[in-house]
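Chain residues, written in single-letter form:
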Amino acid sequence: MTSMPPGAPAPKGSAPKGQRPARTTATRQKLFDASMALIGERGAANVTVDEIAAAAGVSKGTVYYNFGSKSELIAQLLRHGVDILKARLLGAAEDGTVGPGTAGPGTTGPGTTRDPLLAMEAMIGQAMDFMAEYPSFARLWVSENWRTPSEWQGTFTVLRGELLAVIGQAVESVAKTYPVDESVSRGSLETAIFGACFVVGLDRQTYNPERTRDQSVAAIMAIMRGYVLKPPAPQE
């Protein structure tokens, strides 16, 4: 089971109510890693603090010292993963730049062009890489996000909004550059791309390992390319 990398960014902002500062970054990382593996396999409701502590090689008191409760541990685990994914998506948004002198829809500087569709493609590629690298996080997200009622509904609402905002910015760049189908609901479009990244990514890991990354990216990009209107064929 894949775990968060040692150099991954810690959750941002001040510590939530009831949470004490972590004693060490290494201890916090051990707890994230252990939680990721156990919860990804069995779901959040079926994992105990005792099991998380044992898998991390720490005492149960250490879990409570760092997070205050199992609920807060899972909330921070979700934040941790989303911060990593957001950073990758935002970085990929800069990858739509092509070489000097190449013609393209938008310019980024003298002799350089940028295609927002290429930027979107790079973002989806990063999402596929994230799903492959952290399948346990993706499973946790899919299994708990649509559970009703959910103990972490408020957390999911905030984090989902952040990811949709990043996708929305990329879609907006496409809409400013290309003629698009205005009948398509922007909210639904962004949600379709967002959901497809998780579902296609997990489906590839679980059922279709022979499917390549590029094939998965192309399938999701078909949603965006359908949003962009093609110019009419020239009249003969």
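Residues numbered from 1 in each chain as written. Predicted model: local features only at pLDDT ≥ 70, side-chain atom pairs only at ≥ 80, totals over all residues. Heavy atoms only, no water.

Here we come to the overall build of the protein chain. Within the protein chain, the regular secondary structure consists of nine helices and three strands. Moving toward the C terminus, one meets the helices and strands of the protein chain in the order α-α-α-α-β-β-β-α-α-α-α-α. A burial count over the protein chain gives 43% of its 236 residues as buried. Sequence separation of 24 or more characterises 72% of the internal contacts of the protein chain that already satisfy a separation of 6 or more. (Helix = DSSP H or I, 4+ residues; strand = E, 2+ residues; numbered from the N terminus. Buried < 20%, exposed > 50% of the residue type's maximum accessible area, 1.4 Å probe, protein only. Contact = heavy atoms within 4.5 Å.)

Locating Asn145 in the fold gives a position in helix α6 (residues 135-145). Note on Asn145: relative accessible area 14%, which makes it buried. In this structure Asn145 touches Leu140 and Phe156, once residues within four positions along its chain are discounted.

For the protein chain, per-residue confidence averages 82 on the pLDDT scale, and residues scoring 70 or more make up 79% of the total. Mean pLDDT across the secondary structure elements of the protein chain bottoms out at strand β2 (residues 106-109), with 47, and peaks at helix α9 (residues 213-227), with 96. Overall, residues 1-22 carries pLDDT values under 50, and its contacts beyond four positions in sequence, including any with other chains, amount to 51 contacts. In the model, residues 106-111 has pLDDT below 50 throughout and makes 13 contacts with residues more than four positions away in sequence or in other chains. (pLDDT = per-residue confidence, 0-100.)

Moving on, we come to the pattern of salt bridges. Evaluation of the coordinates by the stated rule reveals twelve salt bridges. Its salt-bridge partner being Glu51, residue Arg42 comes within 2.9 Å of it at the nearest N-O pair. The exposure class assigned to Arg42 is partly exposed, which follows from its relative accessible area of 34%. For Glu51, a relative accessible area of 29% gives the class partly exposed. (Salt bridge = Lys/Arg side-chain N within 4 Å of Asp/Glu carboxyl O.)

Following both chains from N to C, one finds helix α5 (residues 116-133) and α9 inclined at 135 degrees, their axes separated by 9 Å at the closest point. Accordingly, the angle class assigned to the pair α5 and α9 is oblique. The way α5 lies across α9 gives a crossing that is right-handed. Of the residues in α9, those touching α5 at Leu117, Met120, Glu121, Ile124, Gly125, Gln126, Met128 and Asp129 are Arg213, Ser216, Val217, Ile220, Met221, Met224 and Arg225. Considered class by class, the residues forming the contact of α5 with α9 number eight nonpolar, three polar and four charged. (Axes fitted to C-alpha atoms, helices over the stretch in contact; angles between N-to-C directions. Parallel < 35°, antiparallel > 145°, perpendicular 65-115°, else oblique. Left-handed = near helix turned anticlockwise from the far one by under 90°. Nonpolar A, V, L, I, M, F, W, Y, C, P; charged D, E, K, R; others polar.)

When you line up the elements, Leu202 lands in helix α8 (residues 186-206). Taking C-alpha positions, Leu202 is 7.8 Å from Ala132, a pair spaced 70 residues apart along the chain. Ignoring sequence-local partners within four residues, the contact set of Leu202 consists of Pro135, Ala138, Arg139 and Val142.

To continue, consider the nonpolar core. By size, the foremost hydrophobic cluster in this structure holds 65 residues, and its most contacted members are Leu78, Trp141, Ile193 and Met224. The leading source of residues in this core is helix α4 (residues 70-92), at ten residues. (Core = buried A, V, L, I, M, F, W, Y, C linked by side-chain atoms within 4.5 Å.)

Turning next to the packing of aromatic side chains. Under the counting rule described, the total for this entry stands at seven aromatic pairs. Relative to Phe137, the ring of Phe130 lies with its centre 5.7 Å away and its plane at 80 degrees, an arrangement referred to as edge-to-face. Accessibility expressed as a relative area gives 0% for Phe130, which makes it buried. An aromatic cluster of at least three residues, connected via ring pairs, comprises Phe130, Tyr134, Phe137, Trp141, Phe156, Phe194 and Phe198. (Phe/Tyr/Trp six-rings, centres within 6.5 Å; stacked < 30°, edge-to-face > 60°.)

With respect to the secondary-structure elements, Asp33 resides in helix α1 (residues 25-42). Since its relative accessible area comes to 22%, Asp33 is described here as partly exposed. Taking C-alpha positions, Asp33 is 8.8 Å from Ala55, a pair spaced 22 residues apart along the chain.

So, on to the packing of α1 against helix α2 (residues 49-56). In contact at an axis separation of 8 Å, α1 and α2 are set at 125 degrees when each is read in the N-to-C sense. The orientation of α1 relative to α2 falls into the category oblique. As for the relative orientation of α1 and α2, their crossing is right-handed in sense. Facing Lys30, Leu31, Ala34, Ser35, Leu38 and Arg42 of α1, the residues of α2 in contact are Glu51, Ile52, Ala55 and Ala56. Class assignment for the residues of the contact of α1 with α2 results in six nonpolar, one polar and three charged.

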